[in-house]
Amino acid sequence: MIIDDQHYDVIIVGTGAGGGTLARKLAPSGKRILLLERGDAMPLDEQNISDVDIFQKQRYHAPEQWYDEDGEPFTPQAKYTIGGNTKIYGAALQRMREKDFETVAHQDGISPEWCLKYADFEPYYAEAEALYQVHGQSGADPTEPSRSGEYPYPAVAHDPTIQPVVEGIAKQGCHPYPLPMSLSLREDDPTGDAEVFGVNPALDFGNVALKTSVKVTGILTNPTGTVAKAVQAEVNGQPYIFMADIIVLACGAINSAVLLLQSANEKHPTGLANGSDQVGRNLMKLTMSSVVEVTAQPNSGKFPRSVGINDYYWGDGQFNYPMGHIQNMGGVLQDAIFAESPPVLSLITKFMPNFGLKQLATRSIAWWAMTEVLPDPKNRVEVKNGKLYVSYTTNNAEAHDRLVYRWLDVLKAVEKDSSLFSRSGMHPRGEVPLPVMANQCGTCRMGTDPATSVLDIHCRAHELDNLYVVDSSFFPSSSSVGPALTVIANALRVGDHLLERLG
Ligand SMILES: Cc1cc2nc3c(=O)[nH]c(=O)nc-3n(C[C@H](O)[C@H](O)[C@H](O)COP(=O)(O)OP(=O)(O)OC[C@H]3O[C@@H](n4cnc5c(N)ncnc54)[C@H](O)[C@@H]3O)c2cc1C
């Protein structure tokens with residue numbers, strides 16, 4: 001066992017949306033901050049240049065196996081690297097709606113109220129949008145929450161492939177709006193992420209250090225179990241110990257829960273900070289279906305995501321429950337997540353056997369339909385005999401199906417009016433499978449009652465004085481938009497609390 005000879009004010013484990021952002025926020029304080037990251041830097045060409053090979057190679061999958069509730073192994077889609085999953089994300093950074101923070105009745109049950117409200121998050125959403133250079137346009141989305149100011153950068157124009165489709169959608173009575181996007185404005189690395197906007201600028205301050213290829217394996221406490229004293233880690237196969245006054249987990253919702261469960265000790269026999277038995281439970285990941293349109297003419301396959309539709313977010317005249325959000329997928333040669341929709345590929349190759357992957361990539365416009373899932377304690381992460389198990393059954397399925405059918409009706413109407421699309425009438429579609437953990441959240445939920453939640457309003461573990469979790473674990477409900485902006489805003493919010501605490 002090697003004991004690191006430094007003592008830090010703060011150790012942050014994980015450098016993704018939560019950890020990378022928190023490091024940036026704390027950096028100017030001058031406090032000694034150590035970032036520990038199990039991955040390494042991701043080469044630039046892997047980040048931004050996708051090709052049809054992503055369909056064949058499981059390129060963005062973690063080099064490890066997890067197990068489903070039947071004990072079947074699977075390889076999770078996750079990236080362990082500086083910047084975490086933001087290195088491969090779609091960079092669509094959206095605020096949750098005001099009502100998403102309240103109790104909302106869904107067709108399948110209740111989406112619970114948050115103990116903090118939109119007004120508590122609004123200043124941090126604004127700070128997050130400024131930090132991540134979000135390009136957007138207010139006033140176009142009918143469900144848009146109130147804002148204290150305009151987006152820091154104007155929305156980017158739609159690609160010529162998408163522009164006429166957006167106009168067609170508007171003609172059908174929908175209100176397409178420019179999707180808020182984090183853009184670095186760099187040609188070689190166009191999307192903004194937690195490395196570019198969090199880790200790198202934090203490291204410019206001499207008081208912040210980063211150690212990569214450090215896999216944290218546990219947290220050690222004082223004998224009474226009230227204070228986290230150190231993190232245990234593996235570095236090149238060697239056990240290491242790092243010590244700090246404040247320890248922050250930001251490993252992503254699944255891995256942070258795993259760390260807490262793995263750190264069980266005499267005072268915390270079922271896992272650290274798990275007196276409520278809620279650690280690892282209430283795992284949520286947006287239900288997502290991809291819907292593909294086949295175009296008559298080829299396109300570049302490399303256009304960005306740029307349009308969102310929220311006309312069905314809270315329901316419509318025929319269905320009085322929330323259905324969710326629609327956004328375009330970037331061109332297939334650009335948008336890594338498309339690789340996660342094998343049902344789409346198998347469908348299209350079945351019906352169009354001569355339609356190769358390259359043609360598919362350049363003759364399609366694809367959409368995501370995204371629906372909130374409700375927290376369910378049975379959807380959980382567990383560690384048994386050193387193996388990571390994920391039990392997960394989706395819910396709110398009818399609302400999602402209705403969203404997909406509503407969207408198909410809109411697309412068909414647009415296509416009828418346009419010569420841009422093939423007359424095949426086909427719309428291959430598929431729901432993302434279990435290994436796609438892209439939007440995981442909720443495994444250490446925030447609340448005021450230690451009996452039913454893991455973290456308090458500052459995302460500090462109820463049971464430990466100096467242990468925080470600032471990744472997507474804290475979400476009490478998922479909403480129907482991607483979680484990243486809320487993770488970033490929350491890290492900035494917790495950062496303010498830590499700055500005050502550190503003095
Ligand atoms: C393909 C894809 C597309 C997406 N698109 C969008 C989008 O357009 N909009 C949106 O809002 N969201 C999107 N998301 C989701 C978004 O990326 C996540 O919500 C966000 O990154 C979560 O932040 P986090 O801090 O919780 O975790 P992460 O960003 O995943 O960071 C976790 C970090 O912890 C590290 N780590 C894990 N375990 C350990 C350990 N034991 N020791 C040390 N380090 C560890 C990881 O390597 C990683 O760096 C997408 C995700 C994917 C995968």
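For the structure itself, look to the data block above.
Residues numbered from 1 in each chain as written. Predicted model: local features only at pLDDT ≥ 70, side-chain atom pairs only at ≥ 80, totals over all residues.

K.L.:
Honestly, the overall build of the protein chain in this entry has me stumped. Any pointers?
P.N.:
A tally of regular secondary structure across the protein chain gives 11 helices and 22 strands. For 503 residues, the compact-globule formula gives about 23 Å, and the C-alpha radius of gyration of the protein chain, at 22 Å, lands near that figure. Across its three principal axes, the protein chain shows a C-alpha extent of roughly 70 × 50 × 45 Å. By the burial criterion, 53% of the 503 residues in the protein chain qualify as buried. (Helix = DSSP H or I, 4+ residues; strand = E, 2+ residues; numbered from the N terminus. Rg over C-alpha atoms; globule rule 2.2 N^0.38 Å. Buried ≥ 20, exposed ≤ 12 C-beta atoms within 10 Å, placed from the backbone.)

K.L.:
Would you mind going over the environment of Pro-142 with me for this structure?
P.N.:
Looking at the element boundaries, Pro-142 is found in the loop between strand E7 (134–136) and strand E8 (153–154). Ignoring anything within four residues of it in the chain, the contact list for Pro-142 reads His-175, Asn-310 and Asp-311. (Contact = placed C-beta atoms within 7 Å.)

K.L.:
Honestly, the sheet that holds strand E18 (residues 364–371) in this entry has me stumped. Any pointers?
P.N.:
Two modes of strand pairing occur in sheets, parallel and antiparallel, and in both the strands are linked by backbone hydrogen bonds. Sheet architecture is open: 6 strands sit in the order E9-E16-E17-E18-E15-E21, paired in antiparallel fashion. Strands with a single pairing partner mark the edges of an open sheet, and in this sheet they are strand E9 (177–178) and strand E21 (429–431). Two strands pair when backbone bridges link them, and strand E16 (residues 307–309) and strand E17 (residues 325–328) are joined in this way by 2 bridges, in the antiparallel orientation. In the sheet register, Ile-309 faces E17, and the bridge partner there is Ile-326. (Pairing = 2+ DSSP bridges.)

K.L.:
Is there a simple way to think about the packing of helix H1 (residues 17–26) against helix H6 (residues 194–203) in this case?
P.N.:
Packed helices, taken two at a time, are described by their axes: the angle between them and the distance between them. Where H1 contacts H6, the two axes come as close as 7 Å, and the packing angle between them is 40°. In terms of axis orientation, H1 runs oblique to H6. Along this stretch, H1 crosses H6, giving a crossing that reads as left-handed. Two secondary-structure elements touch here, H1 through Ala-17, Gly-20, Thr-21, Ala-23 and Arg-24 and H6 through Ala-194, Glu-195, Phe-197, Gly-198, Val-199, Pro-201 and Ala-202. Grouping the constituent residues of the contact of H1 with H6 by class yields 7 nonpolar, 3 polar and 2 charged. (Axes fitted to C-alpha atoms, helices over the stretch in contact; angles between N-to-C directions. Parallel < 35°, antiparallel > 145°, perpendicular 65-115°, else oblique. Left-handed = near helix turned anticlockwise from the far one by under 90°. Nonpolar A, V, L, I, M, F, W, Y, C, P; charged D, E, K, R; others polar.)

K.L.:
Would you mind showing me how to read the sheet that holds strand E20 (residues 387–391) here?
P.N.:
Read across the sheet, 4 strands follow the order E4-E3-E20-E19 without closing on themselves; strand pairing throughout is mixed. Each edge of the sheet is formed by a strand with only one pairing partner; in this case those strands are strand E4 (73–74) and strand E19 (380–384). Direction of pairing for E19 relative to E20: antiparallel, over a ladder of 5 bridges. Bridge assignment links Arg-380 to a residue of E20, and that residue is Ser-391. Set on the sheet, helix H7 (residues 253–262) makes contact with E19 and E20; between it and E19 the angle comes to about 40°.

K.L.:
Explain the site of the ligand to me, please; I cannot follow it from the model alone.
P.N.:
Taken together, 42 residues form the shell around the ligand, and within it Gly-14, Gly-16, Gly-84, Gly-90 and Gly-482 come nearest. Of all elements in the fold, only H1, strand E12 (214–221), H7 and helix H11 (484–502) reach the threshold of two or more residues within the shell around the ligand. Broken down by class, the residue content of the shell around the ligand amounts to 21 nonpolar, 17 polar and 4 charged. (Near = placed C-beta within 6 Å.)

K.L.:
Looking at this structure, how should I read the pairing of strand E1 (residues 2–13)?
P.N.:
Two faces, one strand: in a regular strand the side chains alternate between the faces of the sheet. Pairing of E1 with strand E14 (residues 238–249) involves 8 bridges; the strand directions are parallel. Across the sheet, residue His-7 finds its bridge partner in E14, namely Met-243. Sheet topology places E1 next to strand E2 (residues 33–36); 4 bridges connect them, and they run parallel. The residue bridging Val-10 from the neighbouring strand is Ile-33, located in E2.

K.L.:
Looking at this model, I keep getting lost on the packing of H1 against H11. Mind explaining?
P.N.:
With their axes 8 Å apart at the nearest point, H1 and H11 run at an angle of 35° to one another. For H1 against H11, the interelement crossing comes out right-handed. Here H1 contributes Ala-17, Gly-18, Thr-21, Leu-22, Lys-25 and Leu-26 to the contact with H11, which in turn contributes Ala-484, Val-487, Ile-488, Ala-491, Leu-492, Val-494, Gly-495, Leu-498 and Leu-499. Class assignment of the residues belonging to the contact of H1 with H11 gives a composition of 11 nonpolar, 3 polar and 1 charged.

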